[in-house]
Amino acid sequence: MKQKMSAQEITLGSVFVVLLMIGANIAIWFPFLKVTYGAGSVPLSLQTFFAILAGLILGKRLGVFAVITYILIGLVGVPVFAEMSSGPQVLIMPTGGFLLSFIAVAWVAGWVVEKSQQPTVKTYLVATLFGLMANYLIGTPFMVASTNIVMEVPLSIGQGVIAMLPFFVKDFIITMGAAVLLPKLLGRLESANIQLTSHT
């Protein structure tokens, strides 16, 4: 197992850090992309999509590196989280669990791909589904707890699941579509002589 990252790996990881930043804030440009829940609203984003894609393309090690780097940048005060927010207080807010879950999302998706000797569309679909489940199994209970404890607004787990359903459907459609198209993208990257951790 490599201990040091190559310049190419750092570059690829950095690309996904930027993609996570962009994906977190698409609701800034499209304000209607928000879903209301008990304590307010949650902006629609592409963070889950890019976290899964990081695992699929970069592998679990580099994918997690990209996600953790993104989170650390936001924690120190750079406004890269949803709705241009930042700071450690974000972690205790309703969306904090989803933010932290991206680490598990990238790791799980990358792990599934790396376990396969010859990844196929089926491999990417399974990896995507596992990553997506990690996102919501971690994020939804955290959101319910934060809404009740931090925001002091009553919200049951059932209500939380219903509130997150539009997000899940959106993420399911986008990520599964990406999984189907991923072999073509990887083929182009390989033709450009880009070595990917999860496929070597």
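The structure this text deals with has already been given above.
Attention in this report is confined to the structure presented alongside it. Since the model is a prediction, treat every value here as computed from it, not as a measurement. (Residues numbered from 1 in each chain as written. Predicted model: local features only at pLDDT ≥ 70, side-chain atom pairs only at ≥ 80, totals over all residues. Heavy atoms only, no water.)

1. Observations concerning the overall build of the chain
Line of reasoning, step 1. Regarding its fold elements, the chain presents seven helices and two strands.
Line of reasoning, step 2. Mapped in sequence order, the helices and strands of the chain form the string α-α-β-β-α-α-α-α-α.
Line of reasoning, step 3. Taken over 200 residues, the chain has a buried fraction of 45%.
Line of reasoning, step 4. For the chain, the proportion of contacts with a sequence separation of at least 24, taken over those separated by at least 6, is 72%. (Helix = DSSP H or I, 4+ residues; strand = E, 2+ residues; numbered from the N terminus. Buried < 20%, exposed > 50% of the residue type's maximum accessible area, 1.4 Å probe, protein only. Contact = heavy atoms within 4.5 Å.)

2. Topic: the nonpolar core
Line of reasoning, step 1. Counting 47 residues, the largest nonpolar core has Leu-53, Leu-56, Leu-58, Tyr-70 and Leu-99 as the members making the most contacts within it.
Line of reasoning, step 2. Among the secondary structure elements, those contributing two or more residues to this core are helix H1 (7-24), helix H3 (47-58), helix H4 (60-75), helix H5 (96-115), helix H6 (121-149) and helix H7 (157-191).
Line of reasoning, step 3. Ranked by residue count, the leading element in this core is H3, at nine residues.
Line of reasoning, step 4. Look past the residues within four positions of Leu-53 in its chain and what remains in contact with it is Phe-16, Leu-58 and Leu-182. (Core = buried A, V, L, I, M, F, W, Y, C linked by side-chain atoms within 4.5 Å.)

3. Examining the side chain of Thr-48
Line of reasoning, step 1. Looking at the secondary structure, you find Thr-48 in helix H3.
Line of reasoning, step 2. At a separation of 2.9 Å, a polar atom in the side chain of Thr-48 contacts the side chain of Asn-135.
Line of reasoning, step 3. Those residues in contact with Thr-48 that lie beyond four places of it in its chain are Phe-102, Leu-132, Asn-135 and Asp-171. (Polar contact = N/O pair within 3.5 Å; in protein donor to acceptor, adjacent residues only side chain to side chain.)

4. A closer look at the pattern of salt bridges
Line of reasoning, step 1. According to the stated counting rule, one finds three salt bridges in the structure shown.
Line of reasoning, step 2. Close ionic contact of Lys-170 with Asp-171 constitutes a salt bridge, the shortest N to O distance being 2.6 Å.
Line of reasoning, step 3. Overall, Lys-170 belongs to the buried group, its relative accessible area being 15%.
Line of reasoning, step 4. A residue is classified by how much of its surface remains accessible, and Asp-171, at 2% relative accessible area, is buried. (Salt bridge = Lys/Arg side-chain N within 4 Å of Asp/Glu carboxyl O.)

5. Examining unusual backbone geometry
If a residue is not glycine, its phi is most likely negative; likewise, a peptide bond is most likely trans.
Line of reasoning, step 1. For Glu-83, which is not glycine, the phi torsion reads 60° and is therefore positive.
Line of reasoning, step 2. In this fold, Glu-83 is placed in the loop between H4 and H5.
Line of reasoning, step 3. Positive phi, close to 55°, is recorded for Met-84, a residue that is not glycine.
Line of reasoning, step 4. Mapped onto the fold, Met-84 is located in the loop between H4 and H5.
Line of reasoning, step 5. The exposure class assigned to Met-84 is partly exposed, which follows from its relative accessible area of 43%.

6. Topic: a nonpolar patch on the surface
Line of reasoning, step 1. On the surface, Val-126, Leu-129, Phe-130, Met-133, Leu-137, Leu-165, Val-169, Phe-172 and Ile-173 cluster together into a nonpolar patch covering about 770 Å² of accessible area.
Line of reasoning, step 2. The set of elements that each furnish at least two residues to the nonpolar patch consists of H6 and H7.
Line of reasoning, step 3. Per element, the largest residue contribution to the nonpolar patch is five residues, and it comes from H6.
Line of reasoning, step 4. The topology assignment puts Phe-130 in helix H6.
Line of reasoning, step 5. We classify Phe-130 as partly exposed; its relative accessible area is 43%. (Patch = residues over 30% accessible without salt bridge, like charges linked within 9 Å, V, L, I, M, F, W, Y side chains within 5 Å. Areas by Shrake-Rupley, 256 points an atom, 1.4 Å probe, with all protein chains shown as cover.)

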